[in-house]
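Given next are the chains, with one letter for each unit.
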Amino acid sequence: MTDEAFRERLRAIFGEEAREHLAQIDVGLVALEQAGGGQRDVLFERLLKVLHTLKGAARTVDEIELERLCHALESMLGAARAAGAAGLSATAEQFDLLHRAAAAARQVVDAPALRSRKVAGMLAAQLETAAAELPAQAAEAPAQEAPAAPEVPDEPDEPDEPDPPADETEQNRTDERIRVDGRCIDSIRAHAEGLLPVELKLRHHVDELRALAAGIATRRREGVASFDDEAARLELACAQLATGLENTGKELHGVRARLFEAVLETALVPAAAAFGELPALVRNLARGRGKQVRLETLGADVDLDRRVLGVVREALIHLVTNAVDHGIETPDERARAGKDPAGRIEIAVTQRDARMVCVRVRDDGAGIDADAVARRAGVDAAELAQMSEQQRLQLALRAGVSTRTEVTSVSGRGVGLAIVADKVAASGGQLVVGTVPGAGASFELLLPVGVASLRALVVEVDGHRYALPLAGLEAVRSAAQAAVRTVEGRETVLVGGRVLPLVRLAALFGTARPGSDGDQGVVVTAQAGGQAFAVLVDAIVAEQDLLPKPLGPLLRRVRWFSGAAQLGDGTLAPVIALEDVAGRGLAGAAAAAAPAPAAGPRKVLVVEDSVTSRLLLKHILEGAGYAVDTAVDGLDAQSRLRTGRYDVVVSDVEMPNLDGLALTASIRATPATAELPVILVTSLQTPEQREAGLRAGADAYFTKGSFDQDRLLATVRRVAGMEAS
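Conventions we followed
Residues numbered from 1 in each chain as written. Predicted model: local features only at pLDDT ≥ 70, side-chain atom pairs only at ≥ 80, totals over all residues. Heavy atoms only, no water. Helix = DSSP H or I, 4+ residues; strand = E, 2+ residues; numbered from the N terminus. Buried < 20%, exposed > 50% of the residue type's maximum accessible area, 1.4 Å probe, protein only. Contact = heavy atoms within 4.5 Å. Areas by Shrake-Rupley, 256 points an atom, 1.4 Å probe, with all protein chains shown as cover. Pairing = 2+ DSSP bridges. Axes fitted to C-alpha atoms, helices over the stretch in contact; angles between N-to-C directions. Parallel < 35°, antiparallel > 145°, perpendicular 65-115°, else oblique. Left-handed = near helix turned anticlockwise from the far one by under 90°. Nonpolar A, V, L, I, M, F, W, Y, C, P; charged D, E, K, R; others polar. Salt bridge = Lys/Arg side-chain N within 4 Å of Asp/Glu carboxyl O.

### Describing the overall build of the protein chain
Item 1. Tallying secondary structure elements over the protein chain gives 25 helices and 23 strands in all.
Item 2. Here the protein chain, with 725 residues, has 42% of them falling under the buried criterion.
Item 3. Counting contacts in the protein chain only where the partners sit at least 6 residues apart, residues at least 24 apart contribute 68% of the total.
Item 4. Here the protein chain displays about 36700 Å² of accessible surface, and carbon together with sulfur accounts for 53% of that area.

Okay, structure coming up:
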């Protein structure tokens, strides 16, 4: 290994070690600021030890500015400890300086450059000045700290002396651990996961072989005598081969299960890894908004898959930010409500069972106004009257819907909770919102321990196979047993003494065949989005482990489906997103059961800033029998969509104020228009530009250079599901 390669490797190892130390420093500083006098000595000692270790590591890789910053932090903490012994405490401004220094140290580790090193040097100088300005006994404390340690004049500190042996024992245990590049673990896991489709194919071949043996037996019984002996031998050979393959398949299943379990265990990390940055985040947000907030975490030792941990970490950042910014009141508001001036956020991670883990984030703030959320989601009064409290709360998870009325620098645009909901759904989990007005809100994430394989119920709907995640299912009944009834224009079933709304998957997916018998099939009850419901399928095919894969970036907006999995016969089965069915599917089922509105001209909204193009499109569509309204840009279109009903939107892309891509994204994010077809007509012709349009949620894309009015009219009829009148 060359010297340069060795230095690069040493630098990478230092980066990992430094990030662990900095996470401990962040947590320690927050704990020190909130701790009482009896706990501070222990916290000071831990922080000083970590800083001393980090300082030595920085010296090893010639990070002089980081070494100096760590030394200055030691000086400041030592002076603060001495001042505390004299009855003085560090101020909030001094803790601000400590937190800024810790953030600067992280910046040097993550992005070592001239600017980050310069900032670190400036903060080191500020820390040294602040330490010198503390009382004289505090300023002398860092220099005296090392020689004073052996004397140990204060008797109450004696019980803490056994710590070093405990550290040595812990070190002996951790010596059994080795650092492994995450890419290596991912590669091994990918190969282990790849065995599952092979196992499913093997099972399928066994079934085919047994079917062949059965066919030979039937032919032998019905055939001529000369065929008997040869057929008997073939039948026996097929049966023996099928048995052998079946036994081999069982062995493969055992090996695959043990290998995958071992790989999963290797990739498990404690939930504490998702908590590291939260104390500093809560502290800084609360300080910036004049609030007092305590963060409590439980279940730090619960193990999670590394990929699930990424979902948890991102979700916690958004949820904790919302709790501080939206939920927790100011000290004066809390005092008037008879609450403790300091708000409380609790994060609890618990193991639900062998396959699922629950992450609950709860605060004791003002709670969520479910009716206000529903109004901001654009739900009309009639629909609102039919929604349960839980359904109204779940609307807060939709893009563009916020739990607060004003926008701040960190929240209020209705994005954070939508991101959390999308991440949780993509990992095969569920997110349930709860609230008690005036007493706080809670968000419960139910996630798989690992996100590789999926235990699913494979069902058949109109000749197509789909996978229902087993974690969200409750029971299975025949349609006759479930007693399908129509109540207030909506189909329902009676299961276990509960009346549940029913969704016919064939109708939802648009695959229902004329003349299909509505009383036949199987009813599967499910729970998602905080709501219980039932789906009707034709038949249950199997319950098995599958390896789901995402649909890819161009198909990430496919409604009702979160991915696809390969079955044993090689066919692909779409994985149904139960959250989608619980949200928009139930609304669609209710609409389908409602009386159809009177027939009339279909309405099209044309959005185009060019007068010539706008008049041309209006003329073409009105000539085909459509009623047409026009808008001059995206903002004008948004205003018209709020007050009018349209069957399709035809929009330009490049427009002032709000362009077509942003308009399309806004339409998709608004519940009232989320299903509205959008056709983009533009002069932008590159593949990247067309891809951007489809990513935004457009149903079709035309370029003006290849414009064909017949194709446009055919596309309008296709995407809107209507014929020109």
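### Some words on the sheet that holds strand β4 (residues 342–351)
Item 1. Strand order in this open sheet of five strands is β2-β4-β5-β7-β6, and the pairing throughout is mixed. Looking at which strands have only one partner, the edges of the open sheet turn out to be β2 (292–298) and β6 (430–436). If you compare each strand with its neighbour and ignore which way they point, the axes differ by 15° on average.
Item 2. As defined by bridge partners, β2 adjoins β4 across seven bridges and the pair is classed as parallel.

### A closer look at the sheet that holds strand β23 (residues 700–703)
Item 1. Across the sheet, which stays open at both edges, the five strands sit in the order β20-β19-β21-β22-β23 with parallel pairing between neighbours. Looking at which strands have only one partner, the edges of the open sheet turn out to be β20 (627–631) and β23. Strand-to-strand twist across the sheet, computed as the mean angle between neighbouring axes with direction ignored, equals 20°.
Item 2. In this structure, strand β19 (residues 603–607) lies alongside β20, joined through five bridges in parallel fashion. Among the inter-strand pairings, Val-606 is bridged to a residue of β20, identified as Thr-630.
Item 3. On the sheet, helix α21 (residues 611–623) packs against β19, β20 and β21 (648–651) and is oriented at approximately 165° with respect to β20.
Item 4. Helix-sheet contacts for helix α23 (residues 660–669) involve β19, β21 and β22 (678–682), and the interaxial angle to β22 is about 175°.

### A word on the packing of helix α22 (residues 634–643) against α23
Item 1. Look at α22 against α23: their axes get within 9 Å of each other, and the N-to-C directions meet at 25°. Classed by the angle they form, the pair α22 and α23 counts as roughly parallel. As α22 packs across α23, the resulting crossing turns out to be right-handed. For the pair α22 and α23, contact is made by Gly-634, Ala-637, Gln-638 and Leu-641 and by Leu-663, Ser-666 and Ile-667, respectively.
Item 2. Residue classes in the contact of α22 with α23 are distributed as four nonpolar, three polar and no charged.

### Observations regarding unusual backbone geometry
Item 1. The backbone phi angle of Asp-462 is positive, close to 50°, even though this residue is not glycine.
Item 2. For Asp-462, the location among the structural elements is in the loop between β8 (454–461) and β9 (464–469).
Item 3. The residue Asn-657 is not glycine, and still its phi comes out positive at about 70°.
Item 4. Within the fold, Asn-657 resides in the loop between β21 and α23.

### Notes on the pattern of salt bridges
Pairs may arise between side chains of opposite charge once their charged atoms sit close together.
Item 1. Here the structure, examined in full by the defined rule, presents 22 salt bridges.
Item 2. A salt bridge links Glu-444 to Arg-360, with the shortest nitrogen-to-oxygen separation between them at 2.7 Å. Of this pair, Glu-444 sits in strand β7 (residues 440–448) while Arg-360 sits in strand β5 (residues 356–363), and the two are 84 residues apart along the sequence.
Item 3. Its salt-bridge partner being Glu-543, residue Arg-455 comes within 3.3 Å of it at the nearest N-O pair. Separated by 88 residues along the polypeptide, Arg-455 in strand β8 and Glu-543 in strand β16 (residues 539–546) bring together distant segments of the chain.
Item 4. Its relative accessible area of 43% is what places Glu-543 among the partly exposed residues.

### Quick notes on the environment of Ala-323
Item 1. Along the chain, Ala-323 turns up in helix α12 (residues 306–327).
Item 2. Among residues more than four places away in sequence, those in contact with Ala-323 are Ile-328, Ile-345 and Asp-363.

### Notes on helix α11 (residues 278–288)
Item 1. Taken together, the buried positions of α11 are Leu-278, Pro-279, Ala-280, Val-282, Arg-283, Leu-285 and Ala-286.
Item 2. Backbone geometry just after α11 places Gly-290 at a positive phi near 65°.

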